[in-house]
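What follows is the residue order along each chain.
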Amino acid sequence: DWFMDVISGEVPNDQIPNFKPEMLFDMWREKAAERTGNPNLLRQGSDTRLLSQAEERAILSQKLQEAWEHIDVNHDGVMQADELKQLLAHCSSIQPQADIVRELMDRMAGDGARE
């Protein structure tokens with residue numbers, strides 16, 4: 001309760017005499033910039049730390065593998081048009097038209113790709 005009273009401005013802040021609750025966002029951005037060098041990066045919690053590139057790579061790789069196992073319904077390791085359509089529908093909440101899926105497949109595969 002005390003913390004919420006301080007944040008809301010009901011309890012005076014001894015360190016910042018003219019404290020207003022709307023000042024918090026700028027203060028958080030400044031602290032984030034001091035810690036990370038990026039003023040747009042706010043940490044998600046006081047006990048949260050930034051991920052290393054190796055950790056981020058491992059997490060993304062794992063999540064991608066899990067998503068691929070869900071999408072690769074015939075488990076052949078190759079993305080077919082129907083699997084891409086399912087993936088696009090999942091990511092966008094839109095049922096893509098077959099010609100758009102084919103165009104995307106062609107663009108991703110590049111020239112000389114086999115069917």
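This is a predicted model, so every value here is computed, not measured. (Residues numbered from 1 in each chain as written. Predicted model: local features only at pLDDT ≥ 70, side-chain atom pairs only at ≥ 80, totals over all residues. Heavy atoms only, no water.)

### A word on the overall build of the protein
Working step 1: When you go through the protein residue by residue, the secondary structure sums to five helices and zero strands.
Working step 2: Beginning at the N terminus, the succession of helices and strands in the protein can be written as α-α-α-α-α.
Working step 3: Counting only residues that meet the buried cut, the protein has 10% of its 115 residues in that class. (Helix = DSSP H or I, 4+ residues; strand = E, 2+ residues; numbered from the N terminus. Buried < 20%, exposed > 50% of the residue type's maximum accessible area, 1.4 Å probe, protein only.)

### Brief notes about unusual backbone geometry
Working step 1: Here the phi dihedral of histidine 75 falls at roughly 55°; this positive angle occurs in a residue that is not glycine.
Working step 2: Along the chain, the position of histidine 75 falls in the loop between α3 (53-71) and α4 (81-92).

### Side note on the pattern of salt bridges
Working step 1: For the coordinates displayed, the defined rule picks out three salt bridges.
Working step 2: Where glutamate 66 meets lysine 63, a salt bridge forms, and the shortest distance between an N and an O atom there is 3.9 Å. Here glutamate 66 pairs with lysine 63, and both are found in helix α3, just three residues apart, close to one helical turn.
Working step 3: The class for glutamate 66 is partly exposed, based on a relative accessible area of 37%.
Working step 4: The class for lysine 63 is exposed, based on a relative accessible area of 51%. (Salt bridge = Lys/Arg side-chain N within 4 Å of Asp/Glu carboxyl O.)

### Things to note about the side chain of glutamate 83
Working step 1: With respect to the helices, strands and loops of the structure, glutamate 83 is situated in helix α4.
Working step 2: At 10 Å, arginine 102 is the nearest oppositely charged side chain to glutamate 83, a buried residue that forms no salt bridge. (Lys, Arg positive; Asp, Glu negative; His and termini not counted.)

### Focus: the side chain of aspartate 72
Working step 1: On the secondary structure map, aspartate 72 appears in the loop between α3 and α4.
Working step 2: Those residues in contact with aspartate 72 that lie beyond four places of it in its chain are Gly77, Val78 and Glu83. (Contact = heavy atoms within 4.5 Å.)

### Description of α4
Working step 1: Helix length check: α4, at 12 residues, gives a terminal C-alpha distance of 16 Å against a target of 16 Å (1.5 Å per residue), a fit within 8%.
Working step 2: Residues of α4 that are buried: Glu83, Leu84 and Ala89.
Working step 3: Those residues of α4 that are buried lie in contact with α3 and α5 (98-109).
Working step 4: Following α4 by one or two positions, serine 93 has its phi on the positive side, about 60°. (Expected span 1.5 Å × (residues − 1).)

### Considering the packing of α4 against α5
Working step 1: Relative to each other, α4 and α5 sit at 105°, their axes nearing to 10 Å. Our classification of the angle between α4 and α5 gives roughly perpendicular. In this structure, α4 uses Ala81, Leu84, Lys85 and Leu88 to contact α5, whose residues at the interface are Val101, Arg102, Leu104, Met105 and Met108.
Working step 2: Classifying every residue of the contact of α4 with α5 by side-chain character gives seven nonpolar, no polar and two charged. (Axes fitted to C-alpha atoms, helices over the stretch in contact; angles between N-to-C directions. Parallel < 35°, antiparallel > 145°, perpendicular 65-115°, else oblique. Nonpolar A, V, L, I, M, F, W, Y, C, P; charged D, E, K, R; others polar.)

### Here we look at the environment of histidine 90
Working step 1: Considering the arrangement of structural elements, one finds histidine 90 in helix α4.
Working step 2: Sequence spacing of histidine 90 and isoleucine 71 is 19 residues, and the spatial spacing of their C-alpha atoms is 9.6 Å.

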